[in-house]
Amino acid sequence: MNPNSNRPRLRAAWNTTAALLILGVLLFPVYWMLNTALQPGSSVAATEWFPSSPSLENFDTAISSQGGSLLTSFVVALGAVAVCLALAAPAAYGLAQFGLRGGQGIVFTTLITQMVPGIVIANALYSAYAELGLVNSYLGLILADASLGLPFAIVLLRAFMVSIPSEVVEAAMVDGANRFTAFVRIVLPMSRNALITAGLFTFLFAWSDFMFALTLNTTDDVKPITLGIYQFVGAHVSDWGAVMATAVLSAVPAAILLVVAQKYISAGITGGSIK
Amino acid sequence: MSTFASTSPAAKTSGSSAAPAKADSRTRRRGLLRWLFVAPALAYMALFFGYPLVRNIVMSFQHYTPKTYFTGEAPFNGLDNWRAVFADELFAGSLWHTALFTLGSLLGQFTVGLALAVFFSRRFRLSGFVRAILLLPWLVPMVVSAVVWRRILDQDHGMLNSALHAVGLTEGGVPWLNSPGVALLSAILVNIWIGIPFNMVILYGGLQEIPRELYEAASLDGASPWRTFRSVTLPMLRPVVTVVLVLGFMSTVKILDLILALTSGGPADSTQTLGTVTYQLSFLQLDFGQGAVVGNVLILISAVFAVLYLRANRADFGKGK
């Protein structure tokens, strides 16, 4: 911390070592998940510390039994992203740039909705869904999962869009575009990074959703991976290798996004929660 | 037009309506068109947040049974649901467990998160990389984390017990998830693990915004590292701390996935919380009326903290962020 330290280089090396040690301790469960997944037949007894003879056998089992659920999660999460961005982007723009009467109240309300407990929503939504025939449907789950990202997306996108100079849009409108085409052609491309961040998080929220998957589905017609792995543990608790292989597969989107879209992830965590 | 302050009514009629004639009806039409941008999201939020809130309150005064879903009839029964829920020992227990789970989780997540944030504020190689990778537990679905931990904490074949045994710390296996006295503590520890990255990232962001000059001034005054932390870092960090704690509270108080996948509320209801009891009443016992009562209690608790959150955020709104 102190730049005038006598041996800054040595100290930095110690810090790096300590950081790697912290990483090892905190990410141990992730290692253990991978380790168990790579050891077939270790299900009954204790797991070896290292996968001495690694095999992908467990992944075969995982894909054959849970592959459909992975696909379901993918479809539902992408659907939720589409619904969420289609609603959030225009709303955020309107709230950021139009000076609507009561706009501030709407932003406050948006913030508050983020705090409504999911189980409360599920409780009331189930009976409404039952009446509308939306239980056990992709559409029903997509719409419910979109609610996990919407307030976040509106707040995040609005925070970005307030800084778009209104002259840019007005110039386009002088050239004959109406407000909507100006929004699509000018504002959306300019907001690309914020849209990616909001979309990423909506995807992760929907992919991780367990509550709506559990409560709004009474059959196996629509079974996302979170519900799949939950039932898998209940039914096949002896086959831990396959369960862990499923866990690894369901963690893959998070891992990929973490590596590929690192800057959006950090921006989302700080931007979406503080502002 | 770019700051939040401009949403005041005075700034509403924006500069584009310069033409004096017919301007009035045209601005009005334009105003309506502008609302079309916001309306779909508002309608959706009314359906997916507003409606459930209202419906939940109404439901808590209705007698719901599995039969309701065939006949569509849910007769009002006054305070019966409320009396039944409050008289049940399970409710009192779950309230207590929720308090312990939430406070324990917050304390652990925050302390470790802050320590890591301070540590990673130092400059050294791989700092950014390690910080990024540490986010993984937070990004992985909670059910998945819970399932992995369930394997690690398994009494007979779990890795934790075999490690403890190997170094001679324990004789028999610790019943991490199978004993009513330990299970809640285990759930808290797992949730601390899940919440550390979130706390770390937000607090790290807060630390970066503290002006360097303050630290230089402190070091000129000869302040010790601990004194600097207490007199500079903590006070400057306070707004961020409030936000982290309130957001952490909100997400922890309603947790369902983690506990269902880890212990299903057991053993002997020792890990039942307001969230799991709501789920159990509504979706397992199919008494949605009683489930709604517990849900309302959850809303009430969250509402108190929502107010705190908005007060903590008000400064930001003034600045137009």
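Residues numbered from 1 in each chain as written. Chains lettered and ligands numbered in written order. Predicted model: local features only at pLDDT ≥ 70, side-chain atom pairs only at ≥ 80, totals over all residues. Heavy atoms only, no water.

Caption draft 1: Summary view of the overall build of chain B. Within chain B, the regular secondary structure consists of 14 helices and zero strands. Order of helices (α) and strands (β) in chain B, N terminus to C terminus: α-α-α-α-α-α-α-α-α-α-α-α-α-α. In chain B, buried positions account for 51% of the 321 residues. Sequence-distant contacts, at least 24 apart, represent 67% of the contacts inside chain B between residues at least 6 apart. Here chain B displays about 15300 Å² of accessible surface, and carbon together with sulfur accounts for 65% of that area. (Helix = DSSP H or I, 4+ residues; strand = E, 2+ residues; numbered from the N terminus. Buried < 20%, exposed > 50% of the residue type's maximum accessible area, 1.4 Å probe, protein only. Contact = heavy atoms within 4.5 Å. Areas by Shrake-Rupley, 256 points an atom, 1.4 Å probe, with all protein chains shown as cover.)

Caption draft 2: The arrangement of the overall build of chain A in detail. When helices and strands are tallied, chain A shows 13 helices and zero strands. When the elements of chain A are put in sequence order from the N terminus, they spell out α-α-α-α-α-α-α-α-α-α-α-α-α. The dimensions of chain A, computed from C-alpha atoms along their principal axes, are 70 × 70 × 35 Å. Sorting the 275 residues of chain A into buried and exposed places 57% on the buried side. Summarising the internal contacts of chain A: among those between residues at least 6 apart in sequence, 72% fall at separations of at least 24. Carbon and sulfur atoms provide 66% of the accessible area of chain A, an area that totals close to 11300 Å². Taking the average place of the 11 positive charges on the side chains of chain A and the average place of its 12 negative ones, the gap between the two points comes to 23 Å. (Lys, Arg positive; Asp, Glu negative; His and termini not counted. Charge placed at Lys NZ, Arg CZ, Asp CG, Glu CD.)

Caption draft 3: Looking closely at helix H3 (residues 57-97) of chain A. Helix length check: H3 of chain A (41 residues) gives 55 Å between terminal C-alpha atoms against 60 Å at 1.5 Å per residue, within 8%. Looking one or two residues past H3 of chain A, Gly 99 of chain A carries a phi angle of roughly 60°, positive in sign. (Expected span 1.5 Å × (residues − 1).)

Caption draft 4: Spotlight on the interface of chain A and chain B. Contact with chain A, which involves 104 residues of that partner, is made by 91 residues of chain B. Note on chain A versus chain B: buried area summed over both sides is about 9200 Å², and carbon and sulfur give 77% of it. At the surface where chain A touches chain B, the tally comes to one salt bridge. Residue Glu 131 of chain A is joined to Arg 55 of chain B by a salt bridge in which the shortest nitrogen-to-oxygen separation is 3.9 Å. On inspection of chain A and its partner chain B, the count reaches 10 residue pairs in polar contact (both at pLDDT 80 or more). (Buried area = accessible area lost by both parts, 1.4 Å probe. Salt bridge = Lys/Arg side-chain N within 4 Å of Asp/Glu carboxyl O. Polar contact = N/O pair within 3.5 Å; in protein donor to acceptor, adjacent residues only side chain to side chain.)

Caption draft 5: Layout of the nonpolar core. Core analysis: the largest hydrophobic core is formed by 192 residues, its most contacted members being Met 33 and Ile 265 of chain A together with Phe 120, Val 147 and Leu 203 of chain B. By residue number, the principal contributor to this core is H3 of chain A, which donates 16 residues. In contact with Phe 120 of chain B, not counting residues within four places along its chain, are Ala 19 of chain A together with Ser 127, Val 130, Arg 131, Leu 134, Met 200 and Tyr 204 of chain B. (Core = buried A, V, L, I, M, F, W, Y, C linked by side-chain atoms within 4.5 Å.)

Caption draft 6: Inspection of unusual backbone geometry at higher detail. All names here are of chain B. A cis amide bond links Gly 266 to the next residue, Pro 267, at an omega of -15°. Tracing the chain through its elements places Pro 267 in the loop between helix H12 (257-262) and helix H13 (274-284). Backbone geometry at Leu 286 places phi at a positive 50°, although glycine is not the residue there. Inspection of the secondary structure assignment puts Leu 286 in the loop between H13 and helix H14 (288-318).

Caption draft 7: Region of interest: empty space enclosed by the protein. Applying the stated criterion across every chain yields a total of six cavities of 30 Å³ or more. Reported here for the largest cavity is a volume of approximately 1300 Å³. In terms of lining residues, the largest cavity is bounded by 45 residues, among which Phe 205 of chain A together with Trp 138, Met 142, Ser 251 and Lys 254 of chain B are the most central. Secondary-structure elements contributing two or more residues to the lining of the largest cavity are helix H5 (118-132), helix H6 (138-161), helix H9 (192-208), helix H10 (211-215) and helix H13 (262-274) of chain A together with helix H6 (136-139), helix H9 (183-208) and helix H11 (225-253) of chain B. Residue composition of the lining of the largest cavity, grouped by class: 27 nonpolar, 15 polar and three charged. (1 Å grid on protein atoms, 1.4 Å probe; cavity = no way out; pocket = protein on both sides within 12 Å on 5 of 7 lines; lining within 4 Å. Points joined across faces, edges and corners; volume = space filled by probe spheres on them. Nonpolar A, V, L, I, M, F, W, Y, C, P; charged D, E, K, R; others polar.)

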